[in-house]
Protein chains: 2
Amino acid sequence: MREAKRKRLESRGWKIGNAKDFLNLSPEESAFIEMKLELAESLRAHRERQNLTQVELAKLVKSSQSRVAKMEAGDPSVSMDLLVRSLLALGASKRKVVKIISPLKRSSAI
Amino acid sequence: MREAKRKRLESRGWKIGNAKDFLNLSPEESAFIEMKLELAESLRAHRERQNLTQVELAKLVKSSQSRVAKMEAGDPSVSMDLLVRSLLALGASKRKVVKIISPLKRSSAI
DNA sequence: TGAGTCTATGTCCATTCTGACATATACTCA
DNA sequence: TGAGTATATGTCAGAATGGACATAGACTCA
């Protein structure tokens, strides 16, 4: 719990300041964290783009809302595997932007 | 042990034939496996280009020869995290790695 | 032939990650 | 106000993955 919290804070630090040497991280470690954060942001962006809630995405990837929240928060407890899998699931998802437009044209939206 | 072997064979199958529906894998699962195999190949390529043995690479990434062998073999027991970390440790650029694992950019799905 | 080197495979136990649950916060709307 | 909905955070038991070890196979060289 100590370590977990520290790591989470570190991630946040990266997200905001993006300082090179925020803490004693090797270049590879930094690159790895940055990649995970990019995936996390991308995940949120794509989810919102498709007007899905975290609960819906969770169902889509057979996970839970809380884990989706952690994915998007760049929580250190989520693996790159899970992030990538989720992105793939979102990409393959055929549920579209229908929700907003549906009153006008029902169902036609792809 | 049963399941593990099955998955390993599947991976091999993909590597060779790259048949779409070799076994009942969803498109996302297939894409994910293919990504891991690309990372695995890339890892071996990088290592060999630098004339390192598996033992030396293992030392570099604080792992063991057997695990390196499994990484390069695309064994299902190795995570994408480990593959990416190892590639970065070998000096692969973040950009290059992202190119392999960033799903939605390459598959055009939104 | 046999020793040396490199890689592959199986197994074990410890560490890490995951889904699920509980709970809290924030926002909207009536 | 309070109910409804969406997201955030903590926790934990079980699943997935990790390093290490043993061992086998393939190859070279003397």
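Residues numbered from 1 in each chain as written. Chains lettered and ligands numbered in written order. Predicted model: local features only at pLDDT ≥ 70, side-chain atom pairs only at ≥ 80, totals over all residues. Heavy atoms only, no water.

A word on the environment of Glu41 of chain A. All names here are of chain A. Structurally, Glu41 is set in helix 2 (residues 27-49). Glu41 sits in the partly exposed class, given a relative accessible area of 44%. With 32 residues separating them in the primary sequence, Glu41 and Ala73 have C-alpha atoms 8.2 Å apart. (Helix = DSSP H or I, 4+ residues; strand = E, 2+ residues; numbered from the N terminus. Buried < 20%, exposed > 50% of the residue type's maximum accessible area, 1.4 Å probe, protein only.)

This part covers the side chain of Arg47 of chain A. Residue and element names in this part refer to chain A. Within the secondary structure, Arg47 sits in helix 2. The class for Arg47 is buried, based on a relative accessible area of 8%. Side chain to side chain, Arg47 and Glu72 meet in a polar contact 2.6 Å long. Residues in contact with Arg47, not counting those within four places in the same chain, are Leu52, Thr53, Gln54, Leu57, Glu72 and Leu90. (Polar contact = N/O pair within 3.5 Å; in protein donor to acceptor, adjacent residues only side chain to side chain. Contact = heavy atoms within 4.5 Å.)

Its rotation angle being 180°, the transformation that places chain B on chain A also includes 0.1 Å of axial translation and leaves an RMSD of 0.1 Å. Within this description, the copies of the chain are treated as partners about a two-fold rotation axis. Rotation axis and chain B: the residue whose C-alpha lies nearest the axis is Lys99 of chain B, separated from it by 1.3 Å. (Least-squares fit on C-alpha atoms with pLDDT ≥ 70 in both.)

Taken together, the contacts link 19 residues of chain B with 20 residues of chain A. Carbon and sulfur atoms make up 75% of the area that chain B and chain A hide from each other, which totals about 1900 Å². Summed over the shared surface of chain B and chain A, the result is two salt bridges. Residues Lys94 of chain B and Glu38 of chain A are paired through a salt bridge, measuring 2.7 Å at the closest nitrogen-oxygen approach. Mapped by element, the contributors of at least two residues to the side of chain B that touches chain A are helix 2 (27-49), helix 5 (80-89), helix 6 (94-101) and helix 7 (103-106) of chain B. (Buried area = accessible area lost by both parts, 1.4 Å probe. Salt bridge = Lys/Arg side-chain N within 4 Å of Asp/Glu carboxyl O.)

Attention shifts here to the packing of helix 2 of chain A against helix 6 of chain B. How two helices pack is summed up by the angle between their axes together with the distance between the axes. Look at helix 2 of chain A against helix 6 of chain B: their axes get within 11 Å of each other, and the N-to-C directions meet at 35°. When the axes of helix 2 of chain A and helix 6 of chain B are compared, the crossing they make is right-handed. Here Ala31, Glu34, Met35, Glu38 and Leu39 of chain A of helix 2 of chain A come into contact with helix 6 of chain B, specifically with Lys94, Val97, Val98 and Ile101 of chain B. Grouping the amino acids of the contact of helix 2 of chain A with helix 6 of chain B by side-chain chemistry returns six nonpolar, no polar and three charged. (Axes fitted to C-alpha atoms, helices over the stretch in contact; angles between N-to-C directions. Left-handed = near helix turned anticlockwise from the far one by under 90°. Nonpolar A, V, L, I, M, F, W, Y, C, P; charged D, E, K, R; others polar.)

Close contacts around DNA strand C come from 22 residues, with Ser63, Ser66, Arg67 and Ser79 of chain A together with Gln54 of chain B the closest. Backbone sugar and phosphate groups make up 50% of those atoms of DNA strand C lying within 4 Å of the protein. Residue Ser64 of chain A places a side-chain N or O atom 3.2 Å away from a base nitrogen belonging to DNA strand C. In this structure, a phosphate oxygen belonging to DNA strand C sits 3.4 Å away from a side-chain N or O atom of Arg44 of chain B. (Near = heavy atom within 4 Å.)

Attention now moves to the environment of His46 of chain A. Examined against the element boundaries, His46 of chain A turns out to sit in helix 2. For the pair His46 of chain A and Asp81 of chain A, spaced 35 residues apart in sequence, the C-alpha separation works out to 17 Å.

We now examine the packing of aromatic side chains. Summed over all chains, the structure comprises zero aromatic pairs over all chains. For the cation-ring pair, Arg85 of chain A lies above Phe32 of chain B, with the distance from its terminal atom to the ring centre recorded as 4.0 Å. (Phe/Tyr/Trp six-rings, centres within 6.5 Å; stacked < 30°, edge-to-face > 60°. Lys NZ or Arg CZ within 6 Å of the ring centre and 35° of its normal.)

What follows covers the protein's contact with DNA strand D. Surrounding DNA strand D, one finds 23 residues, the nearest of these being Gln54 of chain A together with Ser66, Arg67, Ser77 and Ser79 of chain B. The sugar-phosphate backbone supplies 52% of the atoms of DNA strand D found within 4 Å of the protein. Within the side chain of Arg47 of chain A, an N or O atom sits 2.9 Å from a phosphate oxygen of DNA strand D. Ser64 of chain B places a side-chain nitrogen or oxygen 3.2 Å from a base nitrogen of DNA strand D. Contributions of two or more residues to the surface near DNA strand D are made by helix 1 (2-16), helix 2 and helix 4 (65-73) of chain A together with helix 4 (65-73) of chain B. No other element matches the four residues that helix 4 of chain A contributes to the surface near DNA strand D. Residues that form the surface near DNA strand D fall into these classes: five nonpolar, nine polar and nine charged.

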